[in-house]
Amino acid sequence: MWKLCRISNQFRWVTMSDTVRYIYVSALVILVCVSQTFAKPAAGGASGSAAEKQIALGSAIEDLMSTFGQRYPKGREYLTKLDSIEQRFKQAQNNKIPDIEVEFAKLQRQALIANPMVSGQPILFVMRRQYKSDHHNTATMFKTGEINTNSFVGGGAMKTVDFARGGKVTTLIESSEGLFRDPEVHFDGKKIIFSMRKNIRDDYHIYEINADGTGLKQLTSAAGIADFDPVYMPDDTIIFSSTREPKYCMCNRHIMGNLFRMDADGANIHQIGRSTLHEGHAALLPDGRIMYDRWEYVDRNFGDAQGLWAVNPDGTNHCVYWGNNTWSPGSVIDARAIPGTQKVLSVFSSCHDRPWGALAIIDRRLGVDGRESVVRTWPAGAINLVKEKGPSPGVYGFDNFTKVNPKYEDPYPLDDKYFLCSRMVGRGELMGIYLIDVFGNEILLHEEEPGCYDPMPMGPRVRPPIIPSRRNFKDKPGYLYVIDVYQGTGMEDVKKGTVKYLRVVESPEKRFWTHAAWGGQGVHCPAMNWHGFENKRILGIAPVAEDGSAYFEVPSDKFIYFQLLDENKMMVQSMRSGTIVQSGEQTGCVGCHEGRRMALPQSPVKMPIALRRPPSKLQGWKGEPRLYSYMTEVQPVLDKHCADCHNYGKEAGVKLNLARDRTNTFNTSYNELWRKKYIKAIGAGPSEIQKPYSWGSHASKLVKVIREGHEGVKLSETEFETIVTWIDLNAPYYQRYDCAYPENMTGRSPLNNKQLKRLSELTNLPFTKIAAYNSNLGPQLSFDRPGLSPCLQKFKEPTDPEYLEALAIIEAGSLMLKNRPRADMPGFQACPIDQQRQQQYTARQQIELNNRRSIHEGLKLYDPPSR
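Residues numbered from 1 in each chain as written. Predicted model: local features only at pLDDT ≥ 70, side-chain atom pairs only at ≥ 80, totals over all residues. Heavy atoms only, no water.

**Student:** Where do I start with the overall build of the chain in this structure?
**Tutor:** A tally of regular secondary structure across the chain gives 14 helices and 35 strands. Dimensions of the chain, computed from C-alpha atoms along their principal axes, come out at roughly 95 × 75 × 65 Å. The 867 residues of the chain split such that 60% are buried. Long-range contacts, defined here as pairs at least 24 residues apart, represent 64% of the contacts in the chain between residues at least 6 apart. Taken as a whole, the chain presents about 34,100 Å² of accessible surface, with 52% of it coming from carbon and sulfur. (Helix = DSSP H or I, 4+ residues; strand = E, 2+ residues; numbered from the N terminus. Buried < 20%, exposed > 50% of the residue type's maximum accessible area, 1.4 Å probe, protein only. Contact = heavy atoms within 4.5 Å. Areas by Shrake-Rupley, 256 points an atom, 1.4 Å probe, with all protein chains shown as cover.)

Given below as structure tokens:
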């Protein structure tokens, strides 16, 4: 059937006979349809009796006749044939009769392919292998120079299949070493934008090609950068995802992407999304906004933090669309608007899987989280996996959709009833192009090795309206307002007038990673905090008026979140997601955790108090904004008031040791306060919105003890604010992700693995196995006072050779820290690889600034040509 030809140093498959091939493929597809229509489905797959399938087909035929009239001319003929098949089935008393089954499958295929939205124009698709399994569903870039580069496997093509011509397949572009992905057809149907990688030494760049395969044009070419998921905007500019701000997921080591925008010719590429992890699968909404899936977490667990968001094409007004606080699915990705409705079709996936799973129709009018707004799923039983809340704390559902079978991918709504998608064909991971509908039909349209993805019609479509830009590209502040902070989940229980301030906190990106890890919730590479992932920077506080309103200036281009504070500057409620404000943007919200679909509350007051005056400047927190460090901010307060008694060798220190001594990963007091639950920080908490006062300083034992005047200790107002602020920031430790010891345990220990192994042998403590919060044995080492290290207590005599050897190892670690301070010490210098990553980050940020300046000045800047 096939032979292999060599063209331009690459390989391509060609047929011995196109006519033979069409006959072969058509027969194969009909046989597959027969098996899928009447055979027992795979677990979780489509099911239904023969009668139900006949009803589904009849309903679709009648709908197509009603919708298209003369454009669907054989509708009555199809119904007559279907009626004959139904009668023959009844006569056979529903027993399987092979010839009738084949006849039904053939009719089903003919009737559904005759749909003008299917056969009225060719269907574009990508031929490739399924991406290799990696850690997260975002890990499909396999970028050069990263941890999973070698997972890239080339060999693919971009093709069309024309069902009006008997399923004729035309290859537009192909490569034996490269891959094509993420195509999008222009509004006029005459050209395609897509991402292509030539080989494993290359990265994905954005290209454009004519619909007939001519006129290939490269639009982006930055070296060492992955550009993917492009989509045309109504004004012909292009939105895409990119690693141009090089950052890594906080719970592992993988490169992430953000949303960028460029002119139609590739000029003036600039960032429009700034969330700390990943923004992908951009698609247009009917109103001209962009819907995309965002993976980000602030003070919450990593696994169920990937939902749908929307944003204007200029990067203003990022807002939740659906699923940000849903326990399962863990990932809501690759959504597209369903024409003529306010619904979207999306993939419900898992955190630790490929970007596939179930398909789901979401009606946001019914809610922005949970099952009530999920209209239906494919497979049907997958809807039972949708849950807004988990059964109990610490139980996660972010990988529930790995159970789904068969798995779906790349949905494309043709209208409100018929949808294209990729789907498992039933032979391993092989994916084919399917047509599914709301009536219950599900047929394989086309399959070929090694798999078919990204199906969409090659025809014109409606161009949404253009949204004018609200961004000025001057790199100036933006402005935020809140109408009433008492509007929102749980805030009805907070007495009006309680909230006096709104704190603005930045959650910075992670620019570095290590192989070594600390087991918080997930893995921290390197260690950052006891449980949560983020470092923090307080940008300042703004006043909240007596009516609950606030209006304030914020720096642009920062991923920020907000906390409500009382008169003592203790947290009442905290946002556990983030937002971005662009230069010159003015935006706001009704309240804090308010219902996303609610209207402004009626009020006799025409204008909220805060909005009657100019925006407030943020009041800084103890000086200029800076990354928050436990050792710099909190430990000095404990040294002054607590450590004289709560220390090694002291009776109070047995109950709670608040000494500053550095341990393998953190320091003594930090370990003790977290491990012994003297603070109630949420760490990487659950997906559900938490009630006011449920965690933070108000709920913490340490603050209660301080306020009761423990042993006559009285903190100054500044000192008290320091302690409560630390807890309310989720009790972080390290202020930065770069490190001095990337190869050592947790990326923070001055002792190497050989030293730790020997220390474990001498002390009978599993140092190499307890780099996690839930198996931690408490502080065992003191690099500040090695002789006080608790792990040495097993030795009875100071002359014991093993004691002396163990002490020498700890002293060596102490000396190492003096010579090479780690990130919680003065004099810290990052390791060479982190310095290199920082240089790359700085260089990319300068390019970003240059491009913005070009836009502001009306000029054009392009990527340098690829080498």
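**Student:** How should the pattern of salt bridges be read in this particular structure?
**Tutor:** Should the charged atoms of two oppositely charged side chains come close, the side chains can pair. The full count for this structure, using the stated rule, is 52 salt bridges. Note that Lys217 is salt-bridged to Glu208, the shortest N-O span being 3.6 Å. Assessed through its relative accessible area of 8%, Glu208 is described here as buried. In this structure, Asp824 engages Arg822 in a salt bridge whose closest nitrogen and oxygen atoms are separated by 2.9 Å. The exposure class of Asp824 is buried, given its relative accessible area of 5%. The exposure class of Arg822 is buried, given its relative accessible area of 1%. Through salt bridges that share partners, Glu245, Lys247, Arg274, Asp475, Asp557, Glu848 and Arg852 make up one connected network. (Salt bridge = Lys/Arg side-chain N within 4 Å of Asp/Glu carboxyl O.)

**Student:** It is not clear to me how the sheet that holds strand β33 (residues 560-565) should be interpreted in this structure. Could you clarify?
**Tutor:** Within a sheet, neighbouring strands are paired by backbone hydrogen bonds and run either parallel or antiparallel to one another. Spatially, β31-β28-β33-β34 is the arrangement adopted by the 4 strands of the open sheet, whose pairing is antiparallel. Both edges of this open sheet fall to β31 (537-543) and β34 (571-574), since each of them pairs with a single strand only. The mean angle between the axes of side-by-side strands here comes to 25 degrees, regardless of whether they run parallel or antiparallel. Two elements, strand β28 (residues 501-506) and β33, share 6 bridges in a ladder whose sense is antiparallel. From the neighbouring strand, Glu506 faces β33, where its bridge partner is Ile560. (Pairing = 2+ DSSP bridges. Axes fitted to C-alpha atoms, helices over the stretch in contact; angles between N-to-C directions.)

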